[in-house]
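In case you want the letters, here they are:
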Number of protein chains: 2
Amino acid sequence: MLKIDISAIEKSKIDAIIPEIKSAHEKLTKKTGAGNDFLGWVDLPVNYDKAEFARVKAAAAAIQKQSQVLLVIGIGGSYLGSRAVIEALKGSFYNLKKKNTPDVLFVGNNLSASYVEDIISLIDGRDFSINVISKSGTTTEPAVAFRVFKQLIEERYGKEEAKKRIFATTDKARGALKKLCDQEGYETFVIPDDVGGRYSVYTPVGLLPIAVAGIDIDAMLAGAGEMREICSLPDIKNPAWQYVAARNILYREGKTTEVLATYDPDYVFLAEWFKQLYGESEGKENKGIFPAAISLTADLHSMGQYMQEGKRCLMETVLLIGEPTGAVTVPNDPDNADGLNFLSGKSFFEIEKQACRGTYLAHTDGGVPNLLLTMEKKDERCLGGLLYFFEFACGLSGYTLGVNPFDQPGVEAYKKNMFALLGKPGFEEEGKKLEARLK
Amino acid sequence: MLKIDISAIEKSKIDAIIPEIKSAHEKLTKKTGAGNDFLGWVDLPVNYDKAEFARVKAAAAAIQKQSQVLLVIGIGGSYLGSRAVIEALKGSFYNLKKKNTPDVLFVGNNLSASYVEDIISLIDGRDFSINVISKSGTTTEPAVAFRVFKQLIEERYGKEEAKKRIFATTDKARGALKKLCDQEGYETFVIPDDVGGRYSVYTPVGLLPIAVAGIDIDAMLAGAGEMREICSLPDIKNPAWQYVAARNILYREGKTTEVLATYDPDYVFLAEWFKQLYGESEGKENKGIFPAAISLTADLHSMGQYMQEGKRCLMETVLLIGEPTGAVTVPNDPDNADGLNFLSGKSFFEIEKQACRGTYLAHTDGGVPNLLLTMEKKDERCLGGLLYFFEFACGLSGYTLGVNPFDQPGVEAYKKNMFALLGKPGFEEEGKKLEARLK
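Bear in mind that the values here come from a model prediction, so they are computed numbers and not experimental data. (Residues numbered from 1 in each chain as written. Chains lettered and ligands numbered in written order. Predicted model: local features only at pLDDT ≥ 70, side-chain atom pairs only at ≥ 80, totals over all residues. Heavy atoms only, no water.)

1. Overview of helix α3 (residues 50-66) of chain A
Residues and elements named next belong to chain A.
Line of reasoning, step 1. For α3, built from 17 residues, the straight-helix expectation of 24 Å at 1.5 Å per residue is met to within 8% by its first-to-last C-alpha distance of 24 Å.
Line of reasoning, step 2. Packed against the buried residues of α3 are β2 (69-73), β4 (128-133), β5 (166-170), β6 (187-190), α9 (204-212) and α10 (217-231).
Line of reasoning, step 3. The residue sitting at the N-terminus of α3 and contributing the capping side-chain oxygen is D49; that oxygen lies 3.1 Å from the backbone nitrogen of A51. (Helix = DSSP H or I, 4+ residues; strand = E, 2+ residues; numbered from the N terminus. Expected span 1.5 Å × (residues − 1). Contact = heavy atoms within 4.5 Å. Polar contact = N/O pair within 3.5 Å; in protein donor to acceptor, adjacent residues only side chain to side chain.)

In structure tokens, the structure reads:
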């Protein structure tokens, strides 16, 4: 389902780093490393809650039946996984296209007033449901959005009917949102204690919105399960070992930025999910590979110049899907005005594939080591496998780098400042200090 | 219309780099530097072709009248500017919203077959026009897309009516597309010889699609004209000088990646436009700042950890819009379930602004020098000024870095390989060599 090519790296260098990868693999699989209370995702593809999974599917069917729009309220890991999967498999034009599943609109991931106003206009006159996703229920962005849309859905449908249209994904026992759910009687799904936000795509956090969009979540989990087997192999044949070996070798040689290159606009949010996963797992203690992304071939005409000839601090991980999902071919032009008749009758995919192969060589020649991931085809099973691959490799890579890949202590810093500047009770003194600095 | 704060940089360092900026400014304004035959954009806000500008507005009105969808076929600078402006001013949900102007769909900027199929389904049963944008008419991505949609529009409307629905923006005299336009009688707009793709937003390349979306292009140009005056000042009071001084000082100190932080999903493509502008202008001779972007507050919950505590090779340029465009406020909750009643009644913009100020301090404290750009308000005039500011500063910065900011020699490398692998006549030998390397 997934092949990796790390021939850009000399074998002797790989051999030398293997003991470190082996040790990281043991930490991960024996759960002896830092952050080992957040390893629930490792076995999730097999050890998931079957009864809850059935409830997720039933809720998705209910939402499909009662709504033209699902609002997903969540930030960070609470929206990136589902958005990545929906766009990858249903296309970035999903909401614009005619279809027999609801639009899925993501809200509560920013503080833009015009964004909220646009969403309000988009649900005007259309039936909608809400999936609010928050472990605590107190994260500012989703919490204030939920206040707005809870009020709106209750005004629209009345309090009782609204309760049937609000689905919450939250802590199993504690927190403001869980308390509200118990009080109001919303259907509730669990964010497990041992699965962090960026690893939560296989929990109801990811699965409910994905299922609403008509994606086969059984196949996704099955693909993840297959990849779990593959990744469990304590050997350099394991593609996760190869990826982790390559990127850590390159990082130590000064390639401090990794550019994930995807070949389809539908994969832009897959790259955003990747950036959270790796950036948040590795970017600590003043180290870590900086994760960036390009969407090709579009960005060959924007970031292509830098990739080819800019500062050589880059490595590139290329993701190519091995089988076409579209059948468009290039029409012949009797006049051959553009001189491209040598492409007549060729499929777009064939041209894209050769663009990918040509770019791989061009960037390599330009001094950017290229790692190549080939996903067998664009479907639930393979994408499920790919996501698990990236998750497993990320844990492995974080341990190889020497950090705890499962915490995110730095995310609190801005929040404290924001609360102080907003006059949160108890933060008054700090607020004054910050205002003085900002003068 | 635009304020800059570079207080992150010590004054003595600024003083020391001023002579270099002064020299770069002279090269740019006296047109004595490398690439000086591509400086048409400098005076474009005042020296544009008034008759053609009137034709752009007339064509936009015709397209608005005859079409529900405009397909913009172009790649790189031929779509990023217009897409950036349309999303910034009309919102990233522009195509999804009800409105009295046509949808604007961008095509020909990738080789995805499913993308083309989606676009075909989106124009099914809806009147459409095409704006094909290409200097040569032979760039692969837009050329093959134009073949597909030219065939489709001629089948739909017949060859004669189709001619009134195809608008071309291309070279004034030469090239495959210009030849076709003359032959078919398409209305044609000019990409000036002295304006490169990434600097072309104020030519018909950018202006026609922008006008179709109902945006006031007079006000945009007026804003650019105002900023041209501001940027012409040969003094450190010039905000472009300040920006260029700061980013080059930081680059020399090892801050080799610049992260543009915007505060609204509507600005994601503005950041993409910025990345092309700076990446393509500076990324050469194995140097240049790597341009990256984050969309806040969303990405504080994904890239925020890296920004706060990752490898300290980052500088951050924060763009904040100074006046709200939306009036949403936080509803009060008598139960205060989420503990956020201290925000009740506050506008989303007020919270976003304090998040921005708090993040500015948090990232600064974390070791990421922050430069702050404040745009007065979200309107045509200020955005017009902002784009010109970035263009002027980019030219200045390229000269300060010691490169030609107006060429892009590296973009050809992948194309040659792709053509060889696709069996283009004359490339057969090279194709064999590449295939051998790829084995």
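2. Structural notes on the sheet that holds strand β10 (residues 370-375) of chain B
Residue and element names in this part refer to chain B.
Line of reasoning, step 1. Ordered in space as β1-β10-β9-β7-β8, the five strands form an open sheet in which the pairing is mixed. Single-partner strands in this sheet number two, and they are β1 (2-5) and β8 (290-295). Strand-to-strand twist of the sheet, defined as the mean angle between neighbouring strand axes without regard to direction, takes the value 20°.
Line of reasoning, step 2. Both strand β7 (residues 257-262) and β8 contribute to a ladder of six bridges, which runs parallel. The residue bridging L260 from the neighbouring strand is A293, located in β8. (Pairing = 2+ DSSP bridges. Axes fitted to C-alpha atoms, helices over the stretch in contact; angles between N-to-C directions.)

3. Some thoughts on the packing of helix α9 (residues 204-212) of chain B against helix α10 (residues 217-231) of chain B
Any two packed helices are characterised by the angle at which their axes cross and by the distance between the axes.
Residue and element names in this part refer to chain B.
Line of reasoning, step 1. Put simply, α9 and α10 touch, their axes get as near as 10 Å, and they point 135° apart. With respect to each other, α9 and α10 are oriented oblique. Between α9, through L207, I210 and A211, and α10, the contact on the second element is made entirely by I217, M220 and L221.
Line of reasoning, step 2. Classifying every residue of the contact of α9 with α10 gives six nonpolar, no polar and no charged. (Parallel < 35°, antiparallel > 145°, perpendicular 65-115°, else oblique. Nonpolar A, V, L, I, M, F, W, Y, C, P; charged D, E, K, R; others polar.)

4. Observations regarding the packing of aromatic side chains
Line of reasoning, step 1. Inspection of every chain in the model, using the stated rule, returns 42 aromatic pairs over all chains.
Line of reasoning, step 2. Their ring planes at 55° and their centres at 5.0 Å tell us that F93(A) and Y115(B) sit as a pair that is tilted. Here F93(A) is found in the loop between α4 (80-90) and β3 (103-107), whereas its partner Y115(B) is found in helix α5 (residues 113-122) on a different chain.
Line of reasoning, step 3. F93(A) gets classed as buried once you look at its relative accessible area, which sits at 12%. (Phe/Tyr/Trp six-rings, centres within 6.5 Å; stacked < 30°, edge-to-face > 60°. Buried < 20%, exposed > 50% of the residue type's maximum accessible area, 1.4 Å probe, protein only.)

5. Some thoughts on the relation of the copies chain A and chain B
Line of reasoning, step 1. After a rotation of 180° and a shift along the axis of 0.0 Å, chain A superposes on chain B with an RMSD of 0.0 Å. Both copies are brought into coincidence by an operation consistent with a two-fold rotation axis. No C-alpha of chain A lies nearer the rotation axis than that of L96(A), which sits 3.1 Å from it.
Line of reasoning, step 2. Both copies present the same face, since 100% of the interface residues in chain A are matched by interface residues at the equivalent positions in chain B. (Least-squares fit on C-alpha atoms with pLDDT ≥ 70 in both.)

6. Here we look at the sheet that holds strand β9 (residues 314-321) of chain A
Residue and element names in this part refer to chain A.
Line of reasoning, step 1. In spatial order, the strands read β1-β10-β9-β7-β8; together these five strands make up an open sheet with mixed pairing. Of all the strands in the sheet, the pair left with one neighbour each is β1 (2-5) and β8 (290-295). Adjacent strand axes in the sheet meet at a mean angle of 20° when their direction is disregarded.

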